[in-house]
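If you want the building blocks of each chain, they are given just below.
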Amino acid sequence: MPAISVVIPVYNTESYIADCLASIHGQTCRDFEAIIVDDGSTDGSAGIAKEFARDDSRFRIVSQENKGLSEARNAGIDVAQGDWITFVDSDDMLAPNFLQALLDAARSTGADIACCAKHFFGEGNLVAGNGKFADSGIGMPAGSEMSAGIKRCATLSPAEALANALYQNDRPDYSAWNKLYATRLWKTRRFPAGKYFEDMATIPQVFLDAGRIAFVPEPLYMNRRHSASILATAYSRKKAELLDIAEAVCSLVAGKGALLGRAARSNLFSASCSILMRTGDTPEFADYRDRAWKHIRELRLGALLNPRTRCRNKAAALISFAGRATLVKALRRHG
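Residues numbered from 1 in each chain as written. Predicted model: local features only at pLDDT ≥ 70, side-chain atom pairs only at ≥ 80, totals over all residues. Heavy atoms only, no water.

Undergrad: How do you make sense of the environment of Leu 185 when you look at a structure like this?
TA: Looking at where Leu 185 falls in the secondary structure, it is placed in the loop between strand S8 (179-182) and helix H6 (198-209). Classification of Leu 185 as buried rests on a relative accessible area of 5%. When residues no more than four places from it in sequence are discounted, the contact partners of Leu 185 are Asp 112, Ile 113, Val 206, Asp 209 and Ala 210. (Helix = DSSP H or I, 4+ residues; strand = E, 2+ residues; numbered from the N terminus. Buried < 20%, exposed > 50% of the residue type's maximum accessible area, 1.4 Å probe, protein only. Contact = heavy atoms within 4.5 Å.)

Undergrad: Could you clarify how one ought to interpret helix H4 (residues 98-109) in this entry?
TA: Compared with an ideal rise of 1.5 Å per residue, which puts 12 residues at 16 Å, H4 spans 17 Å between its outermost C-alpha atoms and is within 8% of the ideal. Most of H4 sits out of view: 10 of its 12 residues are buried. Residues of H4 that are buried: Phe 98, Leu 99, Gln 100, Ala 101, Leu 102, Leu 103, Asp 104, Ala 105, Ala 106 and Thr 109. One or two positions beyond H4, positive phi appears at Gly 110, with a value near 70°. (Expected span 1.5 Å × (residues − 1).)

Undergrad: Any chance you could explain the state of the cysteines here in plain terms?
TA: Evaluation of the coordinates by the stated rule reveals zero disulfides. As a non-bridged cysteine, Cys 116 has Cys 115 as the owner of its nearest cysteine sulfur, 7.8 Å distant. (Disulfide = S-S within 2.5 Å.)

Undergrad: Help me out: how do you make sense of the pairing of strand S9 (residues 213-224) in this one?
TA: For a regular strand, side chains alternate in direction, first toward one face of the sheet and then toward the other. Of all 12 residues in S9, 12 are buried; the element is thus mostly enclosed. In the sheet, strand S5 (residues 93-94) pairs with S9 via two bridges, with the strands oriented antiparallel. Residue pairing across strands places Leu 94 opposite Tyr 221, the latter belonging to S9. Sheet topology places strand S7 (residues 154-156) next to S9; three bridges connect them, and they run antiparallel. Within the sheet, the bridge partner assigned to Leu 156 lies in S9 and is Ile 213. (Pairing = 2+ DSSP bridges.)

Undergrad: Explanation requested: the confidence of the model for the protein in the structure shown.
TA: Low pLDDT marks regions whose predicted coordinates should not be analysed in detail. Mean pLDDT over the protein stands at 90; residues scoring 70 or higher make up 89%. Contacts for the low-pLDDT stretch residues 126-149, under 50 throughout, to residues beyond four places or in other chains number 52 contacts. (pLDDT = per-residue confidence, 0-100.)

Undergrad: Would you explain the packing of aromatic side chains in this entry?
TA: The way to describe two aromatic rings as a pair is by their centre distance and the angle between their planes. This structure, assessed with the given rule, holds 10 aromatic pairs. Relative to Trp 186, the ring of Tyr 181 has its centre 5.4 Å away and its plane inclined at 90°; by these criteria the two rings are edge-to-face. Across the pair, Trp 186 and Tyr 181 agree in class, each one buried. Three or more aromatic residues link up through ring pairs in this structure, and these residues are Phe 87, Tyr 181, Trp 186 and Phe 191. The ring of Tyr 196 has Lys 239 sitting right over it, with the charged end atom 5.6 Å from the ring centre. Above the ring of Phe 321, the side-chain terminus of Arg 300 is found at 4.1 Å from the ring centroid. (Phe/Tyr/Trp six-rings, centres within 6.5 Å; stacked < 30°, edge-to-face > 60°. Lys NZ or Arg CZ within 6 Å of the ring centre and 35° of its normal.)

Undergrad: Quick question: what am I supposed to make of the nonpolar core here?
TA: Generally speaking, nonpolar side chains in soluble globular proteins are found buried as a group. The biggest cluster of nonpolar side chains holds 102 residues, and the ones touching the most others in it are Ile 4, Ile 8, Ile 24 and Trp 186. A per-element tally of this core places helix H8 (residues 258-278) first, with 10 residues. If sequence neighbours within four positions are ignored, Ile 24 has contacts with Val 6, Ile 8, Phe 32, Ala 34, Phe 59, Val 88 and Leu 94. (Core = buried A, V, L, I, M, F, W, Y, C linked by side-chain atoms within 4.5 Å.)

Undergrad: In this structure, what is going on with the pattern of salt bridges? I would like to understand it.
TA: Tallying each qualifying case throughout the model produces 20 salt bridges. For Asp 173, the salt bridge goes to Lys 118, with nearest N and O atoms at 2.7 Å. In this pair, Asp 173 sits in the loop between helix H5 (158-166) and S8 while Lys 118 sits in strand S6 (residues 113-121), placing the two residues 55 residues apart along the sequence. Overall, the relative accessible area of 7% leaves Asp 173 in the buried class. On the basis of relative accessibility, which here comes to 17%, the residue Lys 118 falls in the buried class. For the salt bridge of Arg 291 with Glu 247, the shortest nitrogen-to-oxygen distance reads 2.7 Å. On the criterion of sequence distance, the pair formed by Arg 291 in helix H9 (residues 286-305) and Glu 247 in helix H7 (residues 242-253) is long-range, its members being 44 residues apart. By relative accessible area, which is 25% here, Arg 291 ends up partly exposed. Several salt bridges converge on common partners, so that one network encompasses Arg 73, Asp 89, Glu 198 and Asp 199. (Salt bridge = Lys/Arg side-chain N within 4 Å of Asp/Glu carboxyl O.)

The structure is reproduced here in structure tokens:
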């Protein structure tokens, strides 16, 4: 059995998938299986994936009708055979030592989850088709010259890791990717079907289920930002469910200590500002916008007094005392 299962959900990413799969193929850790879940792609993505599966027996394809990102990841979890599992979006890339560095971090610290920093990049930063970083643009991330060993690694409790994620300071974040998990954490857990922001709905509980969490500060995961990505497209009613999820996180951590309570409220304040900034002032979003404003009024003083609140949220909290319309105008101007 492989040590690591790499789950790659794929839907219509033919412009990027070759770079993604090449970066997995070129890992310094060779003991893995790559589970490519074709989620009903209608472009050439599946054909590119088949070429990798034909040339490397570690790559295999699971095909299903289009069900969305959560269900594609779940399909990969269902067939994963490794003791460890990681998720890679098919438009992203891995530094060559991503798997080895996180595996070493987990094993050396006894952690159930090992995470790393991420690097955002856009169009034109990569040499197309070969999975190697160009000399211009982002270049090879700092620390990617590491061999099997790790230069630096911090160990956090589940509460510390989740609080950091909820404060959005990225050490670690609550993305499903850029992490290596003990597969047993997913034995009875799956991503919620049909939701945006499925990571926020799932990863906080996975963190709390872990014994300890390791964090490698090198940016070994490359997250591509482009016009078709979820965060770049307009808000819909489904995307407004961000507020529901942030509220649910507050319920999840209730009674689990002041550290997590403050962090979850900070996250809810941030989500409420996002709702006011990114949704239209129309009947479709009226209930979400009213709830968001209610949360902002209730949480703004705590946001101002909390030393871990991000500067932009402190500014929003201060502006909110001038009224809802003034806050919305400021959020949209500087968002």
